[in-house]
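# Overview (structure and organization)
This is what each chain is made of:
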Amino acid sequence: MELQLETIYGFISFYAIKVLIALAIFFAGKFIAKRVVKLSQAVMRKSRVDETLISFAGNILYGLALAFVAIAALSQLGINTTSLAAVIAAAGLAIGLALQDSLGNLAAGVMIILFRPFKNGDYIEAAGTSGTVEEIHIFTTKMKTPDNREIIVPNGQIVSDTITNYSAKPTRRLDLVIGVGYGDDLKKVRKVLTKILADEERLLKEPEPTIGVLELGDNSVNFAVRPWVATADYWPVRFDLMEAIKTTFDKEGISIPFPQRDLHIISNEAGLGESKTSTAKKKAA
């Protein structure tokens, strides 16, 4: 009886020690994992990485470290972790296949946050839509259209398409095409356009604006008017310039032609005469 009790005590003591060691491994590993994650996040913040990516990367790193610690603790208890690791790998593969589109958006979100092709507040055109970027998430990007609609675009579509960032540069060029009549004095037109641009204080002095004959169109002589302006003033200046050009041209007697066609009617009077004569002869017969 005493031998059996000693065996039981020895068995309990043996496994109690294993459990204590496993718990020690788990909690020590958990503590170390937290410290490593905090250190990694501090390094990323020092490198000015986006806060969204820092938080996401920290969660992923902590989850992986915790899984490794849990496997180490279970291994200390004598549990065969090889099959467990195989099950986890198989489950991960199945989940990855099921969520491949979401994972693609995830990878695209990481790329957007890392390489920063645009930021919050930028007006962009991407994935067949355009608007002001409001929020950049790991899976999606939220934009607001000029008519105040909210659009949520998957990051995978944004990365796979061409991205046009209208707010990336501090200045933009206005590309105006102004048509005048063929009978107008082109030197006078150029002089009037130059004065209109000089009177607009929001236009930049450098680079200098370009004014020149762009093409001889079907209905007008088209001038290219290309001044430079601050990006924030692009649309207000464009609207005001178009109005100023129209009112000034009216005062100066410069025509702005509209599409028109010349119709030429040819009357075949000789043919009609022959037809009438032949008809009269037939009636007389």
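Residues numbered from 1 in each chain as written. Predicted model: local features only at pLDDT ≥ 70, side-chain atom pairs only at ≥ 80, totals over all residues. Heavy atoms only, no water.

## Focus on the side chain of Glu-200
Selection criterion: In this text, helices come from DSSP runs of H or I with a minimum length of four residues, and strands from runs of E with a minimum of two, each type numbered from the N-terminal end. Between buried and exposed lies partly exposed: a residue is buried under 20% and exposed over 50% of the maximum accessible area for its type, with that area taken using a 1.4 Å probe on protein chains only. A contact between two residues is defined here by any heavy atoms of the two lying within 4.5 Å.
Relative to the helices and strands, Glu-200 resides in the loop between α6 (186-199) and β8 (210-216). When its relative accessible area of 13% is taken as the criterion, Glu-200 is described as buried. For Glu-200, the contacting residues outside a window of four places in its chain are Val-237, Asp-240 and Leu-241.

## Looking at α6
Put simply, the rule is: To estimate the expected span of a helix, subtract one from its residue number and multiply by 1.5 Å. Along the arc lie the directions from the helix axis toward the C-beta atoms. Here a polar contact means two N or O atoms within 3.5 Å. Within protein one must be a hydrogen donor candidate and the other an acceptor candidate, and residues neighboring in sequence count only if both atoms are side-chain atoms.
Helix length check: α6 (14 residues) gives 20 Å between terminal C-alpha atoms against 20 Å at 1.5 Å per residue, within 8%. Residues of α6 that are buried include every one of Val-189, Val-192, Leu-193, Ile-196 and Leu-197, and no others. What you see down the axis of α6 is that its buried residues fit within an arc of 135°, all on one side. Every exposed residue of α6 that faces more than 90 degrees away from the buried side is listed here: Lys-187, Lys-191, Lys-195, Ala-198 and Asp-199. Close packing links the buried residues of α6 with β7 (176-180), β8, β9 (221-226) and α7 (234-252). Two to three positions downstream of the cap, the backbone nitrogen of Lys-187 sits 3.1 Å from a side-chain oxygen, assigning the N-cap of α6 to Asp-185.

## Re the sheet that holds strand β4 (residues 150-154)
Selection criterion: The criterion for strand pairing is that DSSP finds at least two bridges linking the strands in question.
Overall, antiparallel pairing links the five strands, which are arranged β4-β3-β2-β1-β5 in an open sheet. Strands at the two margins of the open sheet, each flanked by one partner only, are β4 and β5 (164-165). Pairing between strand β1 (residues 123-126) and β5: two bridges, direction antiparallel. The partner of Ile-124 across the bridge, within β5, is Asn-165.

## Thoughts on a nonpolar patch on the surface
Counted only if it meets this: For patch building, the residue pool is restricted to those with more than 30% relative accessible area and no salt bridge; the joining distance is 9 Å between like charges and 5 Å between nonpolar side chains (Val, Leu, Ile, Met, Phe, Trp, Tyr). Exposure was quantified through the Shrake-Rupley algorithm and a 1.4 Å probe, taking into account, for residues, occlusion by the shown protein chains and nothing else. Salt bridge, as applied in this entry: a Lys or Arg side-chain nitrogen positioned within 4 Å of an Asp or Glu carboxyl oxygen.
Taken together, the side chains of Val-19, Leu-20, Leu-23, Phe-27, Leu-77 and Ile-79 present a nonpolar region at the surface, about 540 Å² in accessible area. In this structure, Leu-77 sits in the loop between α2 (51-76) and α3 (81-98).

## Considerations on the sheet that holds β7
Whether parallel or antiparallel, the strands of a sheet pair through hydrogen bonds between backbone atoms. Filter applied, for reference: In this analysis, axes come from line fits to C-alpha atoms, helices being fitted only over the stretch in contact, and the angle between any two N-to-C directions falls in the range 0 to 180 degrees.
If you walk across this open sheet you meet the three strands as β7-β9-β8, and the pairing is antiparallel. Every interior strand has two partners, whereas the edge strands, β7 and β8, have only one. With direction set aside, neighbouring strand axes in the sheet form an average angle of 30°. The sheet contact formed by β7 and β9 spans five bridges and is antiparallel. Each bridged residue has a counterpart across the sheet, and for Leu-176 the counterpart in β9 is Val-225. Contacting β7, β8 and β9, α6 runs over the sheet at an angle of about 25° to β9.

## Notes on the packing of aromatic side chains
Selection criterion: Aromatic pairing here means that ring centres of Phe, Tyr or Trp (its six-membered ring) are within 6.5 Å. Orientation follows from the plane angle: under 30 degrees is stacked, over 60 is edge-to-face, and everything else is tilted. Only when the NZ of Lys or the CZ of Arg is both within 6 Å of the ring centre and within 35 degrees of the ring normal is a charge said to sit over the ring.
Scanning the model with the defined rule gives four aromatic pairs in all. Their ring planes at 80° and their centres at 5.4 Å tell us that Phe-26 and Phe-27 sit as a pair that is edge-to-face. Judged by relative accessible area, Phe-27 falls into the exposed class, the value being 52%. Where Trp-235 meets Phe-239, the ring centres are 5.7 Å apart and the plane angle is 35°; that geometry is what we call tilted. Within this pair, Trp-235 and its partner Phe-239 are both found in helix α7, separated by four residues, close to a single helical turn. Taking relative accessible area as the criterion, Trp-235 reaches 49% and is therefore assigned partly exposed. The structure contains a cluster of three or more aromatic residues connected by ring pairs, namely Tyr-234, Trp-235 and Phe-239. The residue whose ring lies beneath Arg-172 is Tyr-234, and the NZ or CZ to ring-centre distance is 3.8 Å.

## Looking at the pattern of salt bridges
It is possible for side chains bearing opposite charge to pair when their charged atoms get close. For the structure on display, the rule yields 11 salt bridges. Between Lys-188 and Glu-252 there is a salt bridge, and its shortest N-O distance comes to 4.0 Å. Of this pair, Lys-188 sits in helix α6 while Glu-252 sits in helix α7, and the two are 64 residues apart along the sequence. With a shortest N-O distance of 2.8 Å, Glu-200 and Arg-202 are connected by a salt bridge. Residue class for Arg-202 comes out partly exposed when judged on its relative accessible area of 31%.

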